[in-house]
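Read off the chains here:
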Amino acid sequence: MSPEVTLHRISPELRPLLSSVVRNGRVGLDSTNCLRVTDLKTGCTSLTPGPCCDRFKLHIPYAGETLKWDIIFNAQYPELPPDFIFGEDAEFLPEPSELPHLVQWDSGDPECLLQLVKELLQQYHHYQCQRLRESSRLLFEYDSLLEDPNYGRNMEIYAGRKNSWTGEFSARFLLKLPGDFSNIPVYLLKDTAVDPGEDVALLSVSFEDAEATQVFPKLYLSPSIEHALGGSSALHIPAFPSGGCLIDYVPQVCQLLNNKVQYVIQGYHKRRETFIRHRPCLLTRKGVVEYDAEGFTKLTLLLMWKDFCFLVHVDLPLYFPRDQPTLTFQSVYHFTSSGQLYSQVQKSYPYSPRWDGNEMAKRAKAYFKSFIPQFQEGAFANGKL
Amino acid sequence: MAEPTVRLSGIVFSSLAFQHVNRDSDVEGLILGESKFEEQVTISDSQADHIHIEEIYNIQKHISCLKLNDFYNSVGDVNVAAVNKILADNKQENVIGWYKQRRNSDQQMTFREKVVHEKLKASLSNPHMIFVLLTPSRLTPTGSTHKMEYAAFISRSRHFVNVPVLVNNLGVLEQLAYWKASAPCSSAGYHRTMNTHSSKFFSSNGLLREVNDVNSMNDSLQLELQKASRKLVESERLVETLQTDISVLRRKLSEKKKSEAGKGGPVDQRDQVLHEAFRSLLCCRLFHTHTLTLEAFPVPGFSEQDGAPETASPLRPGKRPKETLVGTDRKRRRSQPSE
């Protein structure tokens with residue numbers, strides 16, 4: 001249900017409260033996922049003209065799970081604070097006096113409901129941590145992480161989830177990995193109206209049994225980090241060592257991720273530097289057909305040698321300059337039998353990652369001069385006008 | 001472990017449902033009635049004495065609040081003054097719980113309902129309170145059919161337990177045992193009638209009059225039985241004592257006899273001779289009973305065989321024994337009996 005539909009069906013007096021939730025509602029570590037509202041219903045009779053929905057289910061991402069809490073207002077009494085049903089967590093009973101936005105409920109404050117949900121989530125986190133007491137092993141994991149300021153403050157626990165096969169006690173830890181992602185290349189989503197959110201890396205570690213013999217880690221990256229690293233499968237984290245503990249494992253993963261990110265950032269800057277070297281050409285657009293002005297991964301040039309025009313597509317890989325760029329020469333006259341422009345891809349040409357931008361440009365130019373006659377011959381021989 | 005049950009009459013239930021249908025929002029209020037605890041003892045082949053306690057909450061009346069959150073605030077703190085205002089003329093001790101009617105929501109207690117329930121228990125000093133939840137909802141998308149679900153909850157150590165709700169006259173026909181108490185009713189007219197006529201059937205302690213009479217008779221029988229038992233015990237004890245005495249005496253006698261037989265002193269010998277003399281004398285036939293004729297002669301026919309002579313009883317005419325004098329050899333003449 002889109003936010004617009006939700007807001008359209010909700011009772012007008014409650015609309016401001018819900019608007020904050022569906023538009024700006026990001027709670028917990030997983031801020032990439034917004035709060036969702038479903039199952040809109042009303043406490044009024046069916047004879048009451050709409051819109052009069054005043055109760056709904058709120059989906060809250062937490063520790064890799066999705067909590068489904070019922071929030072109940074009364075359209076006839078919009079000034080009253082909401083009531084909650086905490087889904088399957090029937091035993092969760094927060095202390096009302098420790099919910100400031102419930103004690104001082106202000107129906108005129110659009111942020112009141114969102115703040116109340118955040119406060120409830122904090123108490124829910126404490127409740128889940130308390131449940132870890134059922135397993136001394138998992139409690140140890142939690143306590144050791146808590147002592148480390150890098151992880152202790154950014155942790156969500158979901159405990160007591162029984163393994164569906166063995167019925168054993170299990171738990172999931174969701175940690176926000178510390179790291180500087182500010183220099184990650186900007187990633188534009190197709191839907192520009194959607195805010196991709198904060199760049200965040202979350203490590204989820206599932207303990208399927210209380211003795212930590214079955215441990216399954218998984219890394220979740222925000223869209224820009226995932227894109228910068230080259231996709232969801234680009235980074236493989238090590239398996240959880242048998243007999244190991246989180247306080248040793250998490251820093252290891254964190255280090256691996258940061259190294260990778262730094263490498264990517266360096267590659268980006270290197271590419272950018274390479275492009276900047278050619279800024280005069282790019283600015284005057286001499287021979288430049290197009291180029292990637294965001295990620296600096298692609299450049300297309302239109303060149304001429306002895307009245308023979310050709311295109312050169314330069315693809316800079318993600319881990320440039322470690323990885324060699326790909327040069328694709330393309331004739332503007334000749335077609336292949338399949339109707340494509342005749343082209344040749346060159347990956348093995350003189351190249352060294354230790355060259356600076358000027359040297360690379362100079363060497364590329366020299367290579368072009370040596371290769372173009374051969375390319376021209378090939379185009380005439382294999383292509384058709 | 002107590003087994004709680006909530007009972008309400010069809011009239012009260014339908015009144016609750018009707019009230020909610022006519023309100024355009026959720027409704028809540030207080031429940032009046034009585035709660036009682038009954039001890040049930042069952043005997044079975046496997047267990048001789050099984051005791052279980054039944055908690056029964058009889059809902060007799062409900063009072064709705066004019067608005068929501070009328071007697072509590074946003075954090076669930078209960079305002080007792082507001083509760084008393086809602087109760088009006090009803091007594092606070094008749095409050096056995098509260099109820100909520102929530103349209104289109106789950107059959108679960110909410111966060112605030114749990115908090116209010118605990119605080120209401122504390123405020124009214126009643127640890128046994130119930131919460132009745134009614135959740136009507138639309139069953140079909142068109143709204144042609146609606147359903148009304150209902151449940152009751154009680155709190156046990158801050159855990160809320162769902163208890164069965166039995167609505168009388170909705171198929172509840174489980175009354176198989178004897179009625180131990182009259183049906184609960186809060187009607188003033190009912191109480192007036194009972195007060196007027198109950199003295200004809202019930203005594204001052206609340207029991208049926210005939211029951212008292214039977215109990216009295218039973219008590220009297222018990223007393224008589226006790227008296228007879230006491231007498232029997234006494235006589236048995238006396239018999240036992242006498243038997244003990246006899247045994248003692250016999251034991252003494254036998255011991256005495258043994259000791260005297262072993263010794264054989266002059267007194268014993270004299271007694272023995274005397275004993276033999278008496279024996280010879282008394283065994284002499286001369287001293288036995290004779291049948292004489294008119295001439296004062298013994299009637300012949302006595303045999304001189306060994307053994308005791310035949311004696312004829314006057315009642316048993318028989319052969320007259322022959323008599324024989326000890327030490328005499330004279331033959332007796334047979335005389336002819338006189339005619």
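See the structure printed just above.
In this text the structure is predicted, and so the values were computed from the model without any measurement.

A. Molecular detail of the pattern of salt bridges. All names here are of chain B. On inspection of all chains with the given rule, the structure shows 18 salt bridges over all chains. Between Lys 119 and Asp 77 there is a salt bridge, with its nearest N and O atoms 2.6 Å apart. Here Lys 119 is found in helix H3 (residues 111–123), whereas its partner Asp 77 is found in the loop between strand S3 (50–64) and helix H2 (80–87), with 42 residues between them in sequence. By relative accessible area, which is 27% here, Lys 119 ends up partly exposed. A relative accessible area of 36% places Asp 77 in the partly exposed class. One salt-bridge network, held together by shared partners, links Glu 28, Lys 100, Arg 102 and Glu 113.

B. Focus on the interface of chain B and chain A. Counting from both sides, the interface comprises 27 residues of chain B and, opposite them, 30 residues of chain A. Summed over the shared surface of chain B and chain A, the result is 2 salt bridges. The closest approach of N and O atoms between Lys 57 of chain A and Asp 106 of chain B, which form a salt bridge, is 4.0 Å. Viewed at the interface, chain A and chain B are joined by 16 residue pairs in polar contact (both at pLDDT 80 or more). Ranked by residues supplied to the side of chain B that touches chain A, first place goes to H3 of chain B with 5 residues. Among the residues making up the side of chain B that touches chain A, the classes are represented as 7 nonpolar, 8 polar and 12 charged.

C. Region of the structure containing the packing of aromatic side chains. All names here are of chain A. Evaluated as defined, the whole model comprises 35 aromatic pairs over all chains. Here Phe 310 and Phe 329 contribute two aromatic rings whose centre-to-centre distance is 6.4 Å and whose plane-to-plane angle is 35 degrees, an arrangement assigned as tilted. Taken together, the residues Phe 310 in strand S11 (residues 308–315) and Phe 329 in strand S12 (residues 326–335) connect sequence positions 19 residues apart. Here Phe 310 and Phe 329 have matching classes, each one buried.

D. View of the packing of helix H2 (residues 15–24) of chain A against helix H4 (residues 112–131) of chain A. All names here are of chain A. Look at H2 against H4: their axes get within 7 Å of each other, and the N-to-C directions meet at 60 degrees. Between H2 and H4, the angle is such that the two are oblique. Within the contact between the two elements, H2 uses Leu 17, Leu 18, Ser 20, Val 21 and Asn 24 and H4 uses Cys 112, Leu 113 and Leu 114. Along the lines of polarity and charge, the residues of the contact of H2 with H4 split into 6 nonpolar, 2 polar and no charged.

E. Region of interest: the sheet that holds strand S3 (residues 65–72) of chain A. Residues and elements named next belong to chain A. Strand order in the open sheet formed by 4 strands is S1-S2-S3-S4, with antiparallel pairing between adjacent strands. Every interior strand has two partners, whereas the edge strands, strand S1 (36–41) and strand S4 (83–85), have only one. When strand polarity is set aside, the average angle formed by the axes of neighbouring strands in this sheet is 30 degrees. Where S3 and S4 come together, 3 bridges link them in antiparallel fashion. Pairing of Asp 70 across the sheet is with Ile 85, part of S4. With respect to the sheet, H4 is in contact with strand S2 (55–62), S3 and S4, its orientation differing from that of S2 by roughly 55 degrees.

F. Structural context of a nonpolar patch on the surface. Residues and elements named next belong to chain B. Side chains of Phe 201, Phe 202, Leu 207, Leu 208 and Val 211 sit close together on the surface and give an oily, nonpolar patch of about 420 Å² of accessible area. Relative to the helices and strands, Phe 202 resides in the loop between helix H4 (188–201) and helix H5 (209–263). With relative accessibility at 37%, the residue Phe 202 sits in the partly exposed group.

G. Layout of the side chain of Arg 103 of chain B. If you trace the backbone, Arg 103 of chain B turns up in the loop between strand S4 (95–101) and H3. Asp 24 of chain B is the oppositely charged side chain nearest to the buried, salt-bridge-free Arg 103 of chain B, at an N-O distance of 5.0 Å. Of note is the side chain of Arg 103 of chain B, whose polar atom sits 2.8 Å from the backbone oxygen of His 20 of chain B. Once residues within four sequence positions are removed from consideration, Arg 103 of chain B is found in contact with Thr 42, Gly 43, Cys 44, Thr 45 and Arg 55 of chain A together with His 20, Val 21, Arg 23, Asp 24, Ser 25, Asp 26 and Pro 136 of chain B.

Reading the values: rules and limits
- Residues numbered from 1 in each chain as written.
- Chains lettered and ligands numbered in written order.
- Predicted model: local features only at pLDDT ≥ 70, side-chain atom pairs only at ≥ 80, totals over all residues.
- Heavy atoms only, no water.
- Salt bridge = Lys/Arg side-chain N within 4 Å of Asp/Glu carboxyl O.
- Helix = DSSP H or I, 4+ residues; strand = E, 2+ residues; numbered from the N terminus.
- Buried < 20%, exposed > 50% of the residue type's maximum accessible area, 1.4 Å probe, protein only.
- Contact = heavy atoms within 4.5 Å.
- Polar contact = N/O pair within 3.5 Å; in protein donor to acceptor, adjacent residues only side chain to side chain.
- Nonpolar A, V, L, I, M, F, W, Y, C, P; charged D, E, K, R; others polar.
- Phe/Tyr/Trp six-rings, centres within 6.5 Å; stacked < 30°, edge-to-face > 60°.
- Axes fitted to C-alpha atoms, helices over the stretch in contact; angles between N-to-C directions.
- Parallel < 35°, antiparallel > 145°, perpendicular 65-115°, else oblique.
- Pairing = 2+ DSSP bridges.
- Patch = residues over 30% accessible without salt bridge, like charges linked within 9 Å, V, L, I, M, F, W, Y side chains within 5 Å.
- Areas by Shrake-Rupley, 256 points an atom, 1.4 Å probe, with all protein chains shown as cover.
- Lys, Arg positive; Asp, Glu negative; His and termini not counted.

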